[in-house]
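# Chains, contacts and geometry: an overview
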Amino acid sequence: MTLSSSQLRRAAALQEKIEGFQQELAQLLGGSSKSSAASTTAGEKPAKKKRVMSAAARKKIADAQRKRWAKQKGETPAAEKKAK
């Protein structure tokens, strides 16, 4: 999509107005005067998404770790499983 120079100037002016309104809103709500796209209107940090690992991935990691432990101890992974 190609924009003309007048459209770009208008978009920049609108962006400046939006940023000004965001700063004014943050000041009214007691937040910081600095606005950012990642912050919420209340000035709080957004909640981080909890990372979820599948059961298959956990099993793969656990098996690899058991293999490393067995290699370090000089045992075979099968012998270690039977000992448990």
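Predicted model, so just to flag it, every value in this text is computed and none were measured.

## Describing the overall build of the protein chain
Counting secondary structure elements, the protein chain contains three helices and zero strands. Secondary structure of the protein chain in N-to-C order comes out as α-α-α. Looking at the 84 residues of the protein chain, the share that counts as buried comes to 4%. Carbon and sulfur atoms form 57% of the exposed surface of the protein chain, whose accessible area is close to 8,000 Å².

## Details of helix 1 (residues 5-28)
Taking 1.5 Å as the rise per residue, helix 1 with 24 residues should run 34 Å; its terminal C-alpha atoms sit 35 Å apart, in good agreement. G30 sits one or two residues past helix 1 and shows a positive phi near 85°.

## Description of the confidence of the model for the protein chain
For the protein chain, mean pLDDT is 81; residues scoring 70 or higher make up 74% of the total. Note on residues 35-39: pLDDT is under 50 here. Beyond four places in sequence and across chains, it has five contacts.

## A short note on the pattern of salt bridges
Tallied over the entire structure, the rule returns two salt bridges. Across the pair D63 and K59 runs a salt bridge whose closest N-O atoms are separated by 2.9 Å. In this pair, D63 and K59 are both assigned in helix 2 (residues 55-73), four residues apart and thus about one turn of the helix distant. By relative accessible area, which is 52% here, K59 ends up exposed. Between R66 and D63 there is a salt bridge whose closest N-O contact spans 2.9 Å. Residue R66 and its partner D63 are located together in helix 2, separated by three residues, close to a single helical turn. Given the relative accessible area of 28%, D63 is considered partly exposed. Overlapping salt bridges bring together K59, D63 and R66 as one network.

## Structural notes on helix 2
Since the α-helix advances by 3.6 residues per turn, residues separated by three or four positions end up pointing in the same direction. End to end, helix 2 covers 27 Å across 19 residues, agreeing with the expected 27 Å (1.5 Å per residue, within 8%). Once helix 2 finishes, G74 follows within two positions and takes phi at roughly 80°, a positive value.

## Description of a nonpolar patch on the surface
A cluster of nonpolar side chains, contributed by M1, L3 and L8, occupies part of the molecular surface with about 380 Å² of accessible area. Positionally, M1 belongs in the segment before helix 1. Residue M1 is classed as exposed on the basis of its relative accessible area of 96%.

Cut-offs and rules
- Residue positions are given per chain, counting from 1 as you read along its sequence in written order.
- Given that this is a predicted model, residues contribute local features only at a pLDDT of at least 70 and side-chain atom pairs are listed and counted only at 80 or more, while totals for whole chains, interfaces and linings are drawn from all residues.
- The side-chain numbers reported here are obtained from all heavy atoms of the structure, hydrogens and water having been left aside.
- Every helix listed is a DSSP run of H or I at least four residues long, and every strand listed is a run of E at least two residues long, numbered separately from the N terminus.
- Only protein chains enter the accessibility calculation, which uses a 1.4 Å probe. A residue is then buried if its area is under 20% of the maximum for its type, exposed if over 50%, and partly exposed in between.
- Each accessible area is a Shrake-Rupley result for a 1.4 Å probe, and residues are judged covered by the shown protein chains and nothing else.
- Given a helix with a known number of residues, its expected span is that number minus one, times 1.5 Å.
- pLDDT measures the predictor's confidence residue by residue and takes values from 0 up to 100.
- Two residues form a contact once any of their heavy atoms are found within 4.5 Å.
- The working definition used for a salt bridge is a side-chain nitrogen of Lys or Arg within 4 Å of a carboxyl oxygen of Asp or Glu.
- Here, patches come from residues exposed beyond 30% relative accessible area and free of salt bridges, joined within 9 Å for like charges and within 5 Å for nonpolar side chains (Val, Leu, Ile, Met, Phe, Trp, Tyr).

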